[in-house]
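Architecture at a glance
Residues per chain are reported as follows:
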Amino acid sequence: MPQKTKAPDLESKQPLVLLDGRVAYSVTGAVNTSRTLEDGRLEVIVSLRNRETRRIELQANCVFKDETGVMTEETPFQTVILTENATEQVRFVSLNDKAKKFTVRVREAH
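A few points on the structure. All values derive from a computational prediction rather than experimental measurement.

Once that is clear, we can look at the overall build of the protein chain. Counting secondary structure elements, the protein chain contains two helices and eight strands. In sequence order, the protein chain lays out its α and β elements as α-β-α-β-β-β-β-β-β-β. Compactness check: the protein chain gives a C-alpha radius of gyration of 15 Å against a globular reference of 13 Å for 110 residues, within 12% of the reference. Projected onto the principal axes, the alpha-carbon positions of the protein chain cover approximately 45 × 40 × 20 Å. Split into buried and exposed, the 110 residues of the protein chain put 39% on the buried side. Counting only carbon and sulfur atoms, one obtains 48% of the accessible surface of the protein chain, whose full area is about 7,100 Å². Between the centroid of the 17 positive side chains of the protein chain and the centroid of its 16 negative side chains there is a distance of 5 Å.

Structure follows, in structure tokens:
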């Protein structure tokens with residue numbers, strides 16, 4: 001039988017999730033904007049900041065969810081390159097007006 005994990009389900013509670021330990025150590029992030037556009041689609045802009053003095057290559061995507069938290073769509077991962085101590089903004093826009101919530105996921109590029 002399936003069992004509950006002891007790890008918290010961050011993707012259902014946090015708007016921004018850093019998926020690997022190395023990314024969590026090297027990167028900080030914040031949601032700058034989440035707003036509904038005139039046509040009803042949801043726009044999300046996050047800032048990712050490199051805390052180290054080395055270049056980091058990341059991948060980020062966004063999981064859009066309806067008002068109950070059920071996934072409506074998932075964007076493909078896009079590459080984000082952070083130079084030393086740099087901050088970059090990443091923008092995501094849902095394809096339709098069903099998205100009301102979101103989770104941005106960030107992982108190390110391989």
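Text resumes after the structure shown.
This next bit is on the side chain of Asp-66. Looking at where Asp-66 falls in the secondary structure, it is placed in the loop between strand E4 (56-65) and strand E5 (71-74). Within the buried set, Asp-66 has no salt-bridge partner at all; the shortest N-O distance to an opposite charge, 7.0 Å, is to Lys-101. Those residues in contact with Asp-66 that lie beyond four places of it in its chain are Thr-72, Lys-98, Lys-100 and Lys-101.

With that settled, the discussion passes to the environment of Arg-55. The topology assignment puts Arg-55 in the loop between strand E3 (42-50) and E4. Separated by 15 residues in the primary sequence, Arg-55 and Gly-40 have C-alpha atoms spaced 37 Å apart.

Turning our attention to the packing of aromatic side chains. Scanning the entire structure with this criterion turns up zero aromatic pairs. Its guanidinium or amino end placed over the ring of Phe-77, Arg-107 lies 3.6 Å from that ring's centre, counting from NZ or CZ.

Procedures and definitions
Residues numbered from 1 in each chain as written. Predicted model: local features only at pLDDT ≥ 70, side-chain atom pairs only at ≥ 80, totals over all residues. Heavy atoms only, no water. Helix = DSSP H or I, 4+ residues; strand = E, 2+ residues; numbered from the N terminus. Rg over C-alpha atoms; globule rule 2.2 N^0.38 Å. Buried < 20%, exposed > 50% of the residue type's maximum accessible area, 1.4 Å probe, protein only. Areas by Shrake-Rupley, 256 points an atom, 1.4 Å probe, with all protein chains shown as cover. Lys, Arg positive; Asp, Glu negative; His and termini not counted. Charge placed at Lys NZ, Arg CZ, Asp CG, Glu CD. Salt bridge = Lys/Arg side-chain N within 4 Å of Asp/Glu carboxyl O. Contact = heavy atoms within 4.5 Å. Phe/Tyr/Trp six-rings, centres within 6.5 Å; stacked < 30°, edge-to-face > 60°. Lys NZ or Arg CZ within 6 Å of the ring centre and 35° of its normal.

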